[in-house]
Amino acid sequence: MTARIVILSTSISLGGADQQVIYLTRSLISKGYQVKVIALIPLGVLGIEAKSEGLPLYSLGMTRGIPDPRALLKLHQWLRDWQPDVLITFMVHATLIGRVARYLNQVPVFISSIRNEKVGGQLVTRLFRASNWMDDACVANAKGSAMSLSRQGWVSDAKLRVIPNGVQLVGHRLDDERQGSSKDRGCIREGLGIAETAFVWLAIGRLEPSKDYPNLLNAFSQIAASDMHLLIAGDGDLKGQLQALANDLKIADRVSFLGWRRDIPELFEVSDALVLSSAWEGMPNVVMEALYLAKPVVATQVGGVPELVQDGDSGFLVPPGDAIALSKAMHRLLRLSPSQRQTMGRSGHVYIKEHYSVEKISDLWEALCLELLAKKRGSSGVA
């Protein structure tokens, strides 16, 4: 019998974890599994688009940050009706609710998934630690995150597994093999008000503390010149503060806050390099995508970033929270010739293609599900 799998995620919106849920769902369905996906909060852009494509997505309709016992009751009823063999949770709040629902419904296999090296505040951490005995396995998406979770005692080593994020390989051709890419690049830059000769840095991610954009703006201010521009694609509560900081640093005319964008491939097209200034991370999709698209990367050495960026080969790594070090690494990349940067980009492209395709990552998820199901059936004496 084909295994029935339910994936419970805190959200299905625009985050990296949300994208991974969609990738995994599509892949498991293509393998013949019966999969349903539930988000705690209302579906966002990615969820609405995926549902319109026919993916089985549902929402418990919770309000972010507000506990709702009715949502747990609805989840209990859905699991009772669907009777899944495996329940997989993505992100901490989904895991806490999922653990209770698994207990109430006696789901055979429960796999939690933590997407970065920080679980949450004190209360969430206590609840997570107190209930992690309920997991059959806990998946981290990077070796660095797994080591951090283990050191802090959030997950037992016996249950901890590492399954990295995957990137969708979509017929990309490198820059010198594309037809008309220079024209497209020029048109897009013109639309953004950026000179064709400018060196463009791209940063992507929510405007929140984990991304440490003040660190990036301070670093950029030390090297910013008239022939350089920084694009920041993302939105969040810190936007006003960051715009004010850019004004104070006198770089506002060379920094564009673009908000949420659905044209990320086009932004990569017009950019020369990706910069990531995060204070903490899991395995950032944006770094994987940049490398796959043959863009060199300057990034902080957090979470799974060192597993993606080969320092000195496909980019440069620096300590988190160090604007001087970040600035020096950005300047180091700037000093390279275009051909040297292209070589770095190609190196990253090959590495990601060989190790992080969605197909390879979904194989790891499938293998884990089947392994745990086999153990569960063996221990219960069921063939």
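## Thoughts on the overall build of the protein
And then number 1: Secondary structure summary: the protein contains 15 helices and 13 strands in total.
And then number 2: For 383 residues, the compact-globule estimate of 2.2 N^0.38 gives 21 Å, and the C-alpha radius of gyration of the protein, at 22 Å, lies within 12% of that figure.
And then number 3: Taking the principal axes of its C-alpha atoms as reference, the protein extends roughly 70 × 45 × 40 Å.
And then number 4: Among the 383 residues that make up the protein, the fraction classed as buried is 54%.
And then number 5: Of the contacts formed within the protein by residues at least 6 apart in sequence, a portion of 69% connects residues at least 24 apart.
And then number 6: Here the protein contributes 42 positively and 38 negatively charged side chains, and the mean placements of these two sets differ by 5 Å.

## Considerations on the pattern of salt bridges
And then number 1: Counted under the stated rule, the structure contains 17 salt bridges.
And then number 2: For Asp 85, the salt bridge goes to Arg 4, with nearest N and O atoms at 3.8 Å. Pair noted here: Asp 85 is in the loop between helix H3 (69-82) and strand E4 (86-90) and Arg 4 is in strand E1 (residues 4-9), with a separation of 81 residues, a long-range link.
And then number 3: The salt bridge involving Asp 81 is made with Arg 80; its shortest N-O contact spans 3.9 Å.
And then number 4: Among the ionic contacts, a cluster of salt bridges with common partners joins Lys 31, Asp 363 and Glu 366.

## Some words on the packing of aromatic side chains
And then number 1: Overall, the coordinates contain six aromatic pairs when judged by the stated rule.
And then number 2: Consider the rings of Phe 199 and Trp 201, whose centres lie 5.1 Å apart with planes at 55°: the pair is tilted. Neither Phe 199 nor Trp 201 differs from the other in exposure class; each is buried.
And then number 3: Within the aromatic cluster, the residues linked to one another by ring pairs are Tyr 58, Trp 78 and Trp 82.
And then number 4: Here the guanidinium or amino end of Lys 36 rests over the ring plane of Trp 82, the centre of that ring lying 5.1 Å away.
And then number 5: Above the ring of Phe 128, the side-chain terminus of Arg 99 is found at 4.3 Å from the ring centroid.

## Structural notes on a nonpolar patch on the surface
And then number 1: Together, Val 100, Tyr 103, Leu 104 and Trp 133 line one region of the surface with nonpolar side chains, adding up to about 450 Å² of accessible area.
And then number 2: Its place among the elements puts Tyr 103 in helix H4 (residues 92-105).

## As for the environment of Ser 337
And then number 1: Note that Ser 337 resides in the loop between helix H13 (323-335) and helix H14 (338-355).
And then number 2: As for Ser 337 and Ser 277, which are separated by 60 residues in sequence, their C-alpha atoms are 23 Å apart.

## A word on the sheet that holds E4
And then number 1: In space, the seven strands of this open sheet follow the order E3-E2-E1-E4-E5-E6-E7, with parallel pairing throughout. Two strands lie at the open edges of the sheet, namely strand E3 (57-59) and strand E7 (160-162), each paired on one side alone. Put simply, the sheet's adjacent strands are angled 25° from each other on average, direction ignored.

## A few points about the nonpolar core
And then number 1: Counting residues in hydrophobic clusters, the biggest one holds 33 residues, and the most contacted among them are Leu 231, Phe 268, Leu 274, Val 287, Val 297 and Leu 308.
And then number 2: Within the residue set of this core, elements represented by two or more residues are strand E8 (199-204), strand E9 (228-233), helix H10 (264-270), strand E11 (273-276), helix H11 (285-292), strand E12 (297-300) and helix H12 (305-308).
And then number 3: Here this core gets six residues from one element, more than from any other, and that element is H11.
And then number 4: Excluding anything up to four places from it in sequence, Leu 231 contacts Leu 192, Ile 194, Val 200, Trp 201, Leu 202, Ala 203, Ser 256, Leu 258, Leu 267, Val 270 and Ser 271.
And then number 5: Among the nonpolar cores identified, the runner-up in size contains 31 residues, and Ala 219, Met 228, Phe 257 and Phe 316 belong to it.

About the thresholds
- Residues numbered from 1 in each chain as written.
- Predicted model: local features only at pLDDT ≥ 70, side-chain atom pairs only at ≥ 80, totals over all residues.
- Heavy atoms only, no water.
- Helix = DSSP H or I, 4+ residues; strand = E, 2+ residues; numbered from the N terminus.
- Rg over C-alpha atoms; globule rule 2.2 N^0.38 Å.
- Buried < 20%, exposed > 50% of the residue type's maximum accessible area, 1.4 Å probe, protein only.
- Contact = heavy atoms within 4.5 Å.
- Lys, Arg positive; Asp, Glu negative; His and termini not counted.
- Charge placed at Lys NZ, Arg CZ, Asp CG, Glu CD.
- Salt bridge = Lys/Arg side-chain N within 4 Å of Asp/Glu carboxyl O.
- Phe/Tyr/Trp six-rings, centres within 6.5 Å; stacked < 30°, edge-to-face > 60°.
- Lys NZ or Arg CZ within 6 Å of the ring centre and 35° of its normal.
- Patch = residues over 30% accessible without salt bridge, like charges linked within 9 Å, V, L, I, M, F, W, Y side chains within 5 Å.
- Areas by Shrake-Rupley, 256 points an atom, 1.4 Å probe, with all protein chains shown as cover.
- Pairing = 2+ DSSP bridges.
- Axes fitted to C-alpha atoms, helices over the stretch in contact; angles between N-to-C directions.
- Core = buried A, V, L, I, M, F, W, Y, C linked by side-chain atoms within 4.5 Å.

Taken by themselves, the reported measurements are silent on function.
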